[in-house]
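Overview (structure and organization)
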Amino acid sequence: MSLALDLPRLESTLRLPIQDERQQLLQGLLQPTARIDSKYFYDERGCELFTDICRLDEYYPTRTEALIFSENRETIAGHLPDDPQWVDLGCGDCSKTQQWLNAVDPARVVGVDIAGEFLHSSIADVARQHPQLECVGVISDFTQHLELHDLLAERPDNPPVFFYPGSSIGNFEPRAAMRFLSRIRAHCTSHGRLLIGADLIKPRAVLEAAYDDACGVTAAFNLNILNVVNRELDADFQPELFEHRARFDEDHHRIEMRLVARERHSVHLARHTQRQFDAGEHIVTEYSHKYSVDEFCALLAASGLHCSHYWTDPQDWFGVFLAEPA
């Protein structure tokens, strides 16, 4: 369904009505261990705070991945098919894609994100700077459904290169990550590729500092999700009654971000619905799984993808993987 008559082209593959999304959010908060999907971090304020997080000394993933890309961009591009359709999953402001356009010279850029207005603005910026390049925006919760077959089929001679940087794959539980990667595999022709970033296992102190910085920016980012929930559900969370915590779970190789109740209190979540939180009770807001290189290659293989090339930094803190259909 076209949502705009002007260029660039904008489409939507959102499947759940807003009311169903809200019901899912409510049900997560009513589970024995309350849960809020991490996609609710990214309202306007959340996006601003995450941009600030990426500039923190403690938050290594952004700058480490950027270093790997800058030092290996031409080599990576040389392993990609010619004239691809560059599909940026979770494109945000498209700044990372902009850095690849000269090296890859794609036939088309497809930006995929859940925030429609922001997506249209970002894709329009790319189109203005590259007027000869076809740009398409797709509004989608691609973590749940990936439906780009018809769009990609418009250019059968231009294989897709799926671009998923930033270690967001770590936000999926391993089985959900496999399902997501399998959906990408289903969109790839024999010449399709996936270029993906994944955070690697490293010392606990480094990991926990990255998600609980000394300046409290990550804490503000985590607490802001309650303001989003208040708007979505007409709830009455008081963020000051919760505190941010992040710890590394050695057994599951993941950072767990939580909001912990400072005292016993009740929250109205929707009409005629409320939940009591005891002091110390927590809401899970994010898991961020970390992998060894072998573990991530095995995850790709279980999803029908073969890791053909791999790049890392001098400390082996972050990995960039290039995968193709197995």
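Preceding block: the structure.
Below or above, wherever it landed, is the structure these notes cover. Here the structure is a predicted model, which means the values were calculated and not measured. (Residues numbered from 1 in each chain as written. Predicted model: local features only at pLDDT ≥ 70, side-chain atom pairs only at ≥ 80, totals over all residues. Heavy atoms only, no water.)

Regarding the pairing of strand 10 (residues 265-270)
Strand residues, when the strand is regular, have side chains that alternate between the two faces of the sheet. Bridge count between strand 10 and strand 11 (residues 273-277): five bridges; the pairing is antiparallel. Looking across to strand 11, one finds that serine 266 is bridged to glutamine 276. Counted along the chain from strand 10 to the antiparallel partner strand 11, the turn is two residues long, and its residue histidine 272 has a positive phi close to 65°. (Pairing = 2+ DSSP bridges. Helix = DSSP H or I, 4+ residues; strand = E, 2+ residues; numbered from the N terminus.)

Comments concerning the packing of helix 2 (residues 44-53) against helix 10 (residues 217-233)
Taken N-terminus to C-terminus, the directions of helix 2 and helix 10 make an angle of 160°; their axes are 9 Å apart at the nearest point. Considered as vectors, helix 2 and helix 10 are oriented roughly antiparallel to each other. Handedness of the crossing formed by helix 2 with helix 10: left-handed. Along its contact with helix 2, which presents Arg45, Gly46, Leu49, Phe50, Asp52 and Ile53, the element helix 10 presents Val217, Thr218, Ala220, Phe221 and Asn224. Residue composition of the contact of helix 2 with helix 10, grouped by class: six nonpolar, three polar and two charged. (Axes fitted to C-alpha atoms, helices over the stretch in contact; angles between N-to-C directions. Parallel < 35°, antiparallel > 145°, perpendicular 65-115°, else oblique. Left-handed = near helix turned anticlockwise from the far one by under 90°. Contact = heavy atoms within 4.5 Å. Nonpolar A, V, L, I, M, F, W, Y, C, P; charged D, E, K, R; others polar.)

Section: the pairing of strand 3 (residues 85-89)
With five of its five residues buried, strand 3 lies for the most part within the structure. Side chains of strand 3 alternate between two faces, with Gln85, Val87 and Leu89 and Trp86 and Asp88 buried alike. Relative to strand 6 (residues 160-164), strand 3 runs parallel, the two being bridged by four bridges. In the strand pairing of strand 6, aspartate 88 is matched with phenylalanine 163. (Buried < 20%, exposed > 50% of the residue type's maximum accessible area, 1.4 Å probe, protein only.)

Re the packing of helix 8 (residues 174-187) against helix 11 (residues 293-302)
The relative placement of two packed helices comes down to the angle between their axes together with the axis-to-axis distance. Interhelical geometry of helix 8 versus helix 11 gives an angle of 50° and a closest axis separation of 8 Å. What the angle tells us is that helix 8 and helix 11 run oblique. In the crossing of helix 8 with helix 11, the sense of the turn from one axis to the other is right-handed. Judged by residue contacts, Pro174, Ala177, Met178 and Leu181 of helix 8 engage Leu299, Leu300 and Ala302 from helix 11. Among the residues forming the contact of helix 8 with helix 11, the class breakdown is seven nonpolar, no polar and no charged.

Quick notes on the state of the cysteines
All told, the structure shown has zero disulfides when counted by the stated rule. Just so you know, cysteine 94 is unpaired, no disulfide at all, and the nearest cysteine sulfur is the one on cysteine 91, 4.0 Å from it. (Disulfide = S-S within 2.5 Å.)

So, the sheet that holds strand 3
Strand order across the open sheet formed by eight strands is 1-5-4-3-6-7-14-13, with mixed pairing between neighbours. Each end of this open sheet is capped by a strand with a single partner; those strands are strand 1 (9-12) and strand 13 (305-312). With strand direction ignored, the average angle separating the axes of adjacent strands in the sheet is 20°. Here strand 7 (residues 193-199) pairs with strand 14 (residues 318-325) via six bridges, running antiparallel. Across the sheet, aspartate 199 pairs through a bridge with phenylalanine 318, a residue of strand 14. Here helix 8 sits on the sheet and contacts strand 3, strand 6, strand 7, strand 13 and strand 14; the angle it forms with strand 6, its principal contact strand, is near 160°.

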